[in-house]
Amino acid sequence: MTLDATVELAWHKSTFSSNNGDCVESAAINGATLVRDTKARAHGHLTIDATSWNHLITTLKD
């Protein structure tokens, strides 16, 4: 997925993340979720399709 540089993403940090910077952020766009490391934002992000993201979140909550 190529992002349009004009699109502003709403990145969210988990409430379970610590305040020392050891966390990930996610943003939803076009039926997918983008995930990035807060300490290495310049390295880009992973794109995960909605089905896989929902499965991951459900698995982690169990």
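The structure we're discussing is the one just above.
The rules behind each value
Residues take numbers from 1 onward in each chain, read along the sequence in its written order. Given that the model is predicted, a residue must reach a pLDDT of at least 70 before its local features are reported, and side-chain atom pairs must reach 80 or more before they are shown or counted; all residues, however, enter totals for whole chains, interfaces and linings. In computing side-chain properties, one takes all heavy atoms of the structure into account and sets aside hydrogens as well as water. Helix numbers and strand numbers start at the N terminus; a helix is a DSSP run of H or I with at least 4 residues, a strand a run of E with at least 2. Burial classes follow relative accessibility: with a 1.4 Å probe on protein chains only, a residue under 20% of its type's maximum area counts as buried, one over 50% as exposed, and anything between as partly exposed. In what follows, a contact means two residues having at least one pair of non-hydrogen atoms within 4.5 Å. A 1.4 Å probe and the Shrake-Rupley method give the accessible areas. Residues count as covered only by the protein chains that appear here. Throughout this description, the term salt bridge denotes a Lys or Arg side-chain nitrogen within 4 Å of a carboxyl oxygen of Asp or Glu.

**What to know about the overall build of the chain**
(1) Moving on: What the chain contains, in helices and strands, is 1 helix and 4 strands.
(2) Moving on: Starting at the N terminus and walking to the C terminus, you meet the elements of the chain as β-β-β-β-α.
(3) Moving on: Within the chain, buried positions represent 19% of all 62 residues.
(4) Moving on: Summarising the internal contacts of the chain: among those between residues at least 6 apart in sequence, 19% fall at separations of at least 24.
(5) Moving on: In the form shown here, the chain has an accessible surface area of approximately 4800 Å², with 53% of it arising from carbon and sulfur atoms.

**Some thoughts on the pattern of salt bridges**
(1) Moving on: Within this structure, the stated rule accounts for 2 salt bridges.
(2) Moving on: Between Glu-25 and Arg-36 there is a salt bridge, with the nearest N and O atoms lying 2.7 Å from each other. Pair noted here: Glu-25 is in strand E2 (residues 24-29) and Arg-36 is in strand E3 (residues 32-37), with a separation of 11 residues, a long-range link.
(3) Moving on: Given a relative accessible area of 9%, Glu-25 falls into the buried group.
(4) Moving on: With a shortest N-O distance of 3.0 Å, Glu-25 and Arg-41 are connected by a salt bridge. Pair noted here: Glu-25 is in strand E2 and Arg-41 is in the loop between E3 and strand E4 (46-49), with a separation of 16 residues, a long-range link.
(5) Moving on: With relative accessibility at 43%, the residue Arg-41 sits in the partly exposed group.

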